[in-house]
Amino acid sequence: MTAPGKFFLPPYVPTGSGGILGDEYGHGDAVAVSALGDSSVGPFPGVYGTPNKFDGLAFNAQLIMQDIGYFVDSVSLPSDWITELFVRAYNEGARIQNSSWGHGNQYNNPFDGTYSFRTQLIDRFLKDPQYYDSVQVFAFGNLGGDNNIPPPSVPYRPNTLSDEAHAKNAISVGGDRNGAQRNVMYTYSSRGPTNDGIQIGRVKPDLVSVGSTITKGDSFANNAYFDWFGTSHAAPCVSAAAALIRDWFNKGF
């Protein structure tokens, strides 16, 4: 993401990924709308480029859409995914990258939901002086509550963040609720601390944003919106805020 404009390039599947170009589930469209959607509804019907309550936070930003979606809730990473996802996007002009995906804690895999080799590669990339101004934002995951027990009796689960959300140099985003409950964590938002193989672990998430009852664009109908939930949709709000901060400094303020 950067600003201003829209697409840098047509959406593409990174080389080596088994992703299927398209948005069969609507997840990618909904994430993009939160970050930089530009709606024509509101106080100026039919006019784009005018702020209204259906816009994303950084509605004049540009977008590179990389599709690594394989099936619903599945991702297909290229073998050299740091190069294909991060370096390629950086070289094409993106400085803020939102990743609303991750390898979650499966409870039966001691290497899933840890500071894994994938996470270490993220930190190595972000420490490289060539990419000093890259900002990587990762959704925290939605494994913090028991889906079989309705709130308010949900037993919250610690150490449930995804591998990628363990990164030390990336921004990991959890979800909170909306409206009058905005200071309460979203029921199913994953929770820290990190699972680094030590007794206590590091404090995560780095930030939280709205992860409950978020107005999203409906990819299956024109000019339609509906409510979504989850840290996938909290993360792009933080990415959009980062784009606005970058734009503010680039303009010399």
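Presented here is an overview of the structure given in this document. Sequence order sets the numbering: in each chain, residues are counted from 1 along the sequence as written. It should be noted that, the model being predicted, local features are given only for residues of pLDDT at least 70 and side-chain atom pairs only at 80 or more, the latter also being counted only at that level, while totals for whole chains, interfaces and linings use all residues. Values reported for side chains reflect all heavy atoms of the structure, with hydrogen atoms and water molecules removed beforehand.

1. Focus: the overall build of the chain
Step number 1: Secondary structure is summarised from DSSP: a helix means a run of H or I of at least four residues, a strand means a run of E of at least two, and numbering begins at the N terminus for each. A tally of regular secondary structure across the chain gives 4 helices and 6 strands.
Step number 2: Across the chain, helices and strands are ordered from the amino to the carboxyl terminus as α-α-β-α-β-β-β-β-β-α.
Step number 3: In the chain, which comprises 253 residues, the proportion classed as buried is 46%.
Step number 4: The long-range fraction of contacts in the chain, counting pairs at least 24 apart against all pairs at least 6 apart in sequence, stands at 71%. Each residue gets one of three labels from its accessible area relative to the maximum for its type: buried under 20%, exposed over 50%, partly exposed in between, using a 1.4 Å probe on protein chains only. Note on contacts: a residue pair is in contact if any heavy atoms of the two residues lie within 4.5 Å.

2. Examining the side chain of E164
Step number 1: Structurally, E164 can be placed in the loop between β2 (135–139) and β3 (171–176).
Step number 2: Looking at E164, its side chain comes within polar contact range of the side chain of H103, at 2.7 Å. Between N or O atoms, a polar contact is any pair within 3.5 Å; within protein, one atom must be a potential hydrogen donor and the other a potential acceptor, and residues adjacent in sequence are included only when both atoms are from side chains.

3. Thoughts on the nonpolar core
Step number 1: Within the largest apolar cluster, 15 residues are counted, with the highest numbers of intra-cluster contacts made by W81, F86, I122 and F125.
Step number 2: Put simply, the parts of the chain that give this core at least two residues each are α2 (81–91) and α3 (117–127).
Step number 3: Those residues in contact with W81 that lie beyond four places of it in its chain are F86, W101, R118, L121 and I122.
Step number 4: With 10 residues, the next largest nonpolar core counts A32, L36, A58 and A243 among its residues. Buried Ala, Val, Leu, Ile, Met, Phe, Trp, Tyr and Cys residues that are joined via side-chain atoms within 4.5 Å together make up what is termed a nonpolar core.

4. With respect to the pattern of salt bridges
Step number 1: Salt bridge, as used here, is a side-chain nitrogen of Lys or Arg placed within 4 Å of a carboxyl oxygen of Asp or Glu. Following the criterion strictly, the structure yields 9 salt bridges and no others.
Step number 2: With its nearest N and O atoms 2.8 Å apart, the salt bridge here joins R118 to D163. Taken together, the residues span a long stretch of sequence, with R118 in helix α3 and D163 in the loop between β2 and β3 at a distance of 45 residues. Comparing R118 with D163, the two get one shared label, buried.
Step number 3: Its salt-bridge partner being K251, residue D247 comes within 3.0 Å of it at the nearest N-O pair.
Step number 4: One salt-bridge network, held together by shared partners, links E84, R88 and E92.

5. Points about the environment of S189
Step number 1: Along the chain, S189 falls in the loop between β3 and β4 (207–210).
Step number 2: Residue S189 is classed as buried on the basis of its relative accessible area of 0%.
Step number 3: S189 has contacts with G141, G144, G174, G175 and T231, leaving out every residue within four places of it along the chain.
Step number 4: Of the polar contacts made by the side chain of S189, one reaches the backbone nitrogen of G175; its length is 3.1 Å.

6. Some details on the environment of G16
Step number 1: In this fold, G16 is placed in the segment before α1 (27–36).
Step number 2: A relative accessible area of 58% means that G16 is categorised as exposed.
Step number 3: C-alpha separation for the pair G16 and E84, spaced 68 residues apart in sequence, amounts to 8.2 Å.
Step number 4: Leaving out residues up to four positions away in the same chain, G16 has contacts with L77, P78 and S79.

7. Quick look at the packing of α1 against helix α4 (residues 231–250)
Step number 1: With axes taken as lines fitted to C-alpha atoms, and helix axes fitted only over the stretch in contact, angles between N-to-C directions fall between 0 and 180 degrees. One can describe the packing of α1 onto α4 by two numbers: an axis separation of 8 Å at closest approach and a directional angle of 35°. Crossing of α1 against α4: the hand is right-handed. Two secondary-structure elements touch here, α1 through H27, A30, V31, S34 and A35 and α4 through S232, H233, P236 and A240.
Step number 2: The residue classification treats Ala, Val, Leu, Ile, Met, Phe, Trp, Tyr, Cys and Pro as nonpolar and Asp, Glu, Lys and Arg as charged. All others, Gly included, are polar. Tallied by class, residues from the contact of α1 with α4 come to 5 nonpolar, 4 polar and no charged. Crossing handedness: left-handed means the near helix sits turned counterclockwise from the far one by under a right angle, and right-handed means the same turn made clockwise.

8. Some details on the packing of α2 against α3
Step number 1: It is the contact of α2 with α3, at a shortest axis distance of 11 Å, that shows an interaxial angle of 40°. Taken together, the axes of α2 and α3 lie oblique to each other. Judged by the twist between their axes, the crossing of α2 over α3 is right-handed. Contact with α2, carried on its side by W81, I82, F86 and V87, involves R118, L121, I122 and F125 of α3 and no other residues of that element.
Step number 2: A class-by-class count of the residues in the contact of α2 with α3 yields 7 nonpolar, no polar and 1 charged. Note on terminology: angles under 35 degrees are roughly parallel, angles over 145 are roughly antiparallel, angles of 65 to 115 are roughly perpendicular, and the others are oblique.

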